[in-house]
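One-letter residues, chain by chain:
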Amino acid sequence: MPMCRGRLLMGRSAVLALGLGSLVCVLFVGSLLIGPSSASVGDSLNALVTGQGGPLATVMREIRLPRALLGVMIGGALGLSGAAMQGYLRNPLADPGLIGVSGSAALGAVLAIQTGLAALAALALPAMALGGALMGVLLVLLLAGPRGTSLALILAGIAISAFAAALTSLVLNLSPNPYAANEIVFWMMGSLADRSMTHVWIAMPFLLGGGVLLATLGRGLDALTLGEDAAEAMGINLFRLRLTVIIGTAAVVGASTAVAGAIGFVGLVMPHLLRGFVGARPGALLWAATLGGAAMILASDILVRLVVPDRDLKLGVVTALVGAPLFLHLIYRTRREGL
Amino acid sequence: MTLLSLQSLSVHRGRKTVLSDINLTIREGEVVGLVGPNGAGKTTLMRAALGLIPADGQSSIAALAPRMRGRAAAWMPQSREIAWPVTVETIIRLGRTPHLLGGQKIQAEDQAAVDRAIAQMGLDTFRNRPATQLSGGEQARVLIARSLAQEAPLLISDEPTAGLDPAHQIAAMESFSKAAGQGRGVLVSLHDLGLAARHCTRLIVLHNGAVVADDLPQVALTTEIVKAVFGITAFSEVTDKGFVFQPLEVVS
């Protein structure tokens, strides 16, 4: 009997994996095919694969491919880091931005725009944002201590986020150049438009590296369901787990913010939404939230292009618009379940 | 065979000495009760023995590599934490964590251990229920089953019977006795001296961070020790139904 139930559970996970996986594939192809330059599906894919077809090949390879690739990677990484953060803190309201890295990455990017470095060199903005993220994570480790409690981590993250936000406001406040201020505000909304393969190459090592780190946490996060003491007594190295969560999250959130700006709600909502489908197991939630996050960003990025194609609607605005009501619904459901 | 041996174990918190010079051993087949008033250092002793907090002196389990500790001893902390609404079976399966290699899935022998623990704690009807929806007492039984499923030679449990009804208190103690009968050893902290007197093969009385008695229950719980350590009087007698201990009054 138990074996039979085991298979049933496996079956449900397999269905979820297959469903989410094919959804991501469909949305990825959709993301490649949808845009202002209308071309047939066959021509587009042909141009993408062979590089033949003049301007269409350029559009496919230089504009749409990086956009779709960044969508998959950033979405997956944000979903994964959200699941890891919630599992580590054993709190469904935790978000990857909690450790202050997205705020400090944004500050780096804002400084790049404000000082004009971003206009001088295309790579200055992501490079400075990554630098900001690194500063943020070092500060968090310093403040929270390598062996501190999860509460210390949360408080350090809040302090760094608040300080980075204050400095960002200060930059905006003192900005003598309204265009730069305008650019900063729009950049902070988050977008995948007009990103090149260079952005993909910059972000990829961090997104994949951080993702691999976070993906190893399954067993430790499962064991943490019983609390830190019980997990440690079962041989889970809490020190390493905590460091892996912080560094992995910092890498993926820093890189995401560096190339796409601040995209909220994915890391918060996706794990919450999918938790019920994986029997609430934090380890299994890691892969589910990865696929779910990728699907959410790809879908939002398609929506951005479909709803008001000529107004440059920002991705971060859409994820927040979709995410906030979804989140409210989840809170309502959670309250009803008495959790 | 000795399953746990502590030699001059001491724990300091700041300048305060929480545990001083603890020497004890636990052998297979024993259910050792750790008793003492609040703040005597029971939890600290258990956590230090497991290597969860830094301590001076020797603990045979803390001396092991962290990965091997989970195979030598199962630890059931006092706080009954179940963070997510996972099923009862999922919780109990977590007990197999120390036996799995990196990335390894749960094996048939692991599942067999899980089924044995479920059967022993009478949890079969709860198997697929979310553990967070159970009552406090039921959750306690799930967590005892989790530590039984770990099937480590030594079981260390911090106040496992708190909040259980009498039948389940006795059932929990009997499951420890059964584990001891299978050649395992148990160290269990208890506040209920009657329960401890009846079900433990040996009692360790802890007072202000030091061991004041370590003997058979009827030898350890003398009138003087009960008065000095717990500040109470008690009725106790070795009857034909075993040693009976009933606390009576607070000594003013």
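Conventions used here
- Residue positions are counted from 1 within each chain, in the order its sequence is given.
- Written order decides the labels, with chains lettered from A and ligands numbered from 1.
- Restriction of local features to residues with pLDDT of at least 70 applies here, the model being predicted, together with a cutoff of 80 or more for giving and counting side-chain atom pairs; totals for whole chains, interfaces and linings are based on all residues.
- Only DSSP runs of H or I with at least four residues qualify as helices, and only runs of E with at least two residues qualify as strands; both kinds are numbered from the N terminus onward.
- Between the two quantities, the radius of gyration covers C-alpha atoms and the globule rule is 2.2 Å times the number of residues to the power 0.38.
- With C-beta atoms placed from the backbone, a residue is labelled by how many other C-beta atoms lie within 10 Å of its own: buried for 20 or more, exposed for 12 or fewer, partly exposed between the two.
- Note on contacts: each residue gets a C-beta atom placed from the backbone, and two residues are in contact if those atoms are within 7 Å.
- Here the rule is simple: two strands pair whenever DSSP picks up at least two bridges between them.
- Under this scheme, a helix contributes an axis fitted over its contacting stretch, all axes are lines through C-alpha atoms, and angles between N-to-C directions fall in the 0 to 180 degree range.
- Any helix carries an expected span of 1.5 Å times its number of residues minus one.
- By definition, the arc is the one covered by directions from the helix axis to the C-beta atoms.
- For classification, angles of less than 35 degrees are called roughly parallel, those exceeding 145 degrees roughly antiparallel, those between 65 and 115 degrees roughly perpendicular, and all remaining angles oblique.
- For a crossing to be left-handed, the near helix must be turned anticlockwise from the far one by less than a right angle; the clockwise case is right-handed.
- Only Asp, Glu, Lys and Arg are considered charged in this grouping, and only Ala, Val, Leu, Ile, Met, Phe, Trp, Tyr, Cys and Pro are considered nonpolar; every other residue, Gly among them, is considered polar.
- Only buried Ala, Val, Leu, Ile, Met, Phe, Trp, Tyr and Cys residues enter a nonpolar core, and they are joined through C-beta atoms within 7 Å.

1. What about the overall build of chain B?
Tallying secondary structure elements over chain B gives nine helices and eleven strands in all. On C-alpha atoms alone, chain B measures out to a radius of gyration of 18 Å, which is about the 18 Å that the 2.2 N^0.38 rule sets for 252 residues. Across its three principal directions, the C-alpha atoms of chain B cover 55 × 40 × 35 Å. With 252 residues in all, chain B has 48% of them scored as buried. Taking all contacts inside chain B whose residues are at least 6 apart in sequence as the whole, residues at least 24 apart take part in 64%.

2. Here's the deal with the overall build of chain A
A tally of regular secondary structure across chain A gives 15 helices and zero strands. For 339 residues, the compact-globule estimate of 2.2 N^0.38 gives 20 Å, and the C-alpha radius of gyration of chain A, at 20 Å, lies within 12% of that figure. For the C-alpha atoms alone, the extent of chain A along its principal axes is close to 60 × 50 × 35 Å. Counting over 339 residues, chain A shows a buried share of 49%. For chain A, long-range pairs separated by at least 24 residues make up 77% of all intrachain contacts whose partners lie at least 6 apart in sequence.

3. Details of the sheet that holds strand β6 (residues 154-158) of chain B
Residues and elements named next belong to chain B. The strand order across the open sheet built from six strands is β5-β6-β7-β3-β8-β9, with neighbouring strands paired in mixed fashion. Each end of this open sheet is capped by a strand with a single partner; those strands are β5 (73-76) and β9 (210-215). Going from strand to strand, the sheet's axes swing by 15° on average, the running direction of each strand aside. Both β6 and strand β7 (residues 185-189) contribute to a ladder of five bridges, which runs parallel. Bridge assignment links Leu154 to a residue of β7, and that residue is Gly185.

4. A look at the environment of A:Ser256
Residue and element names in this part refer to chain A. Considering the arrangement of structural elements, one finds Ser256 in helix α12 (residues 238-260). Residue classification places Ser256 among the buried residues on the basis of 33 C-beta atoms within 10 Å. Spatially, the C-alpha atoms of Ser256 and Gly71 are 9.7 Å apart, while their sequence positions differ by 185 residues.

5. Side note on helix α6 (residues 166-181) of chain B
Residue and element names in this part refer to chain B. Taking 1.5 Å per residue, 16 residues should reach 22 Å; α6 reaches 22 Å between its end C-alpha atoms and fits that length. Of all the residues in α6, the buried ones are Gln169, Ala172, Met173, Ser175, Phe176, Ala179 and Ala180. In an axial view of α6, the angular spread of the buried residues amounts to 150°, which keeps them on one side of the axis. Opposite the buried face of α6, by more than 90 degrees, sit the exposed residues Pro166, Ala167 and Gly181. Contacts made by the buried residues of α6 are with β3 (31-35), α4 (108-120), α5 (136-149), β6, β7 and α7 (193-199). Following α6 by one or two positions, Gly183 has its phi on the positive side, about 95°.

6. Considering the packing of helix α6 (residues 124-144) of chain A against helix α7 (residues 150-174) of chain A
All names here are of chain A. It is the contact of α6 with α7, at a shortest axis distance of 9 Å, that shows an interaxial angle of 140°. Classified by the interaxial angle, the pair formed by α6 and α7 is oblique. Like other packed secondary-structure pairs, α6 and α7 cross with a definite hand, here right-handed. Counted together, Gly136, Leu139, Val140, Leu143 and Ala144 of α6 and Ala152, Leu153, Ala156, Gly157, Ala159, Ile160 and Ala164 of α7 form the full contact between these two elements.

7. Some points on the pairing of β3(B)
Residues and elements named next belong to chain B. With five of five residues buried, β3 is to be regarded as a mostly interior element. Of the two faces of β3, the one holding Val31, Gly33 and Val35 and the one holding Val32 and Leu34 are both buried throughout. Where β3 lies against β7, four bridges are found, and the strand directions are parallel. Note that in β7 the partner of Gly33 across the bridge is Val188. Two elements, β3 and strand β8 (residues 202-207), share four bridges in a ladder whose sense is parallel. When the bridges of β8 are listed, Val35 appears paired with Val205.

8. A few points about the sheet that holds strand β1 (residues 2-13) of chain B
Residues and elements named next belong to chain B. Taken in spatial order, the three strands of this open sheet run β2-β1-β4, and their pairing is antiparallel. Sheet topology places β2 (16-27) and β4 (56-59) at the edges, where each strand pairs with a single neighbour. On average, each strand axis in the sheet is inclined to that of its neighbour by 10°, with strand direction left out of account.

9. Observations regarding the interface of chain B and chain A
Across the boundary between the two partners, chain B contributes 23 residues, which contact 21 residues of chain A. At the level of elements, α2 (66-72) and α4 of chain B are the ones that each hand at least two residues to the side of chain B that touches chain A. Of all the elements, α2(B) adds the most residues to the side of chain B that touches chain A, at four residues. The residue inventory of the side of chain B that touches chain A, partitioned by class, reads twelve nonpolar, seven polar and four charged.

10. Re unusual backbone geometry
All names here are of chain A. The phi dihedral of Asp194 falls on the positive side, at around 55°, and the residue is not glycine. Among the residues examined, Asp194 registers 10 C-beta atoms within 10 Å and is labelled exposed. A positive phi angle, near 65°, is found at Ala280, a position not held by glycine. Within the fold, Ala280 resides in the loop between α13 (266-274) and α14 (282-307).

11. Some words on the packing of α14(A) against helix α15 (residues 315-336) of chain A
Residue and element names in this part refer to chain A. For the pair α14 and α15, the least separation of the axes is 9 Å and the interaxial angle reads 115°. By the angle between their axes, α14 is roughly perpendicular relative to α15. In this structure, α14 meets α15 at a crossing whose hand is right-handed. Counted together, Met296, Ser300, Asp301, Leu303 and Val304 of α14 and Leu315, Val318, Thr319 and Val322 of α15 form the full contact between these two elements. Grouping the constituent residues of the contact of α14 with α15 by class yields six nonpolar, two polar and one charged.

12. Regarding the environment of B:Ile91
Residue and element names in this part refer to chain B. By the element assignment, Ile91 lies in helix α3 (residues 88-93). It is 7.6 Å that separates the C-alpha atoms of Ile91 and Ala131, two residues lying 40 residues apart in sequence. Discounting chain neighbours no more than four positions away, the residues touching Ile91 are Ile82, Val86, Ala131, Val142 and Arg146.

13. Comments concerning the nonpolar core
Across soluble globular proteins, nonpolar side chains show a tendency to be buried alongside one another. Among the nonpolar cores identified, the biggest contains 179 residues, and A:Ala84, A:Ala109, B:Leu50, B:Ala145 and B:Leu187 are the most heavily contacted of them. Ranked by residues supplied to this core, first place goes to α14(A) with 14 residues. Other than its neighbours up to four places away in sequence, B:Leu187 contacts B:Leu4, B:Ile26, B:Val32, B:Leu34, B:Met46, B:Leu154 and B:Ile156.

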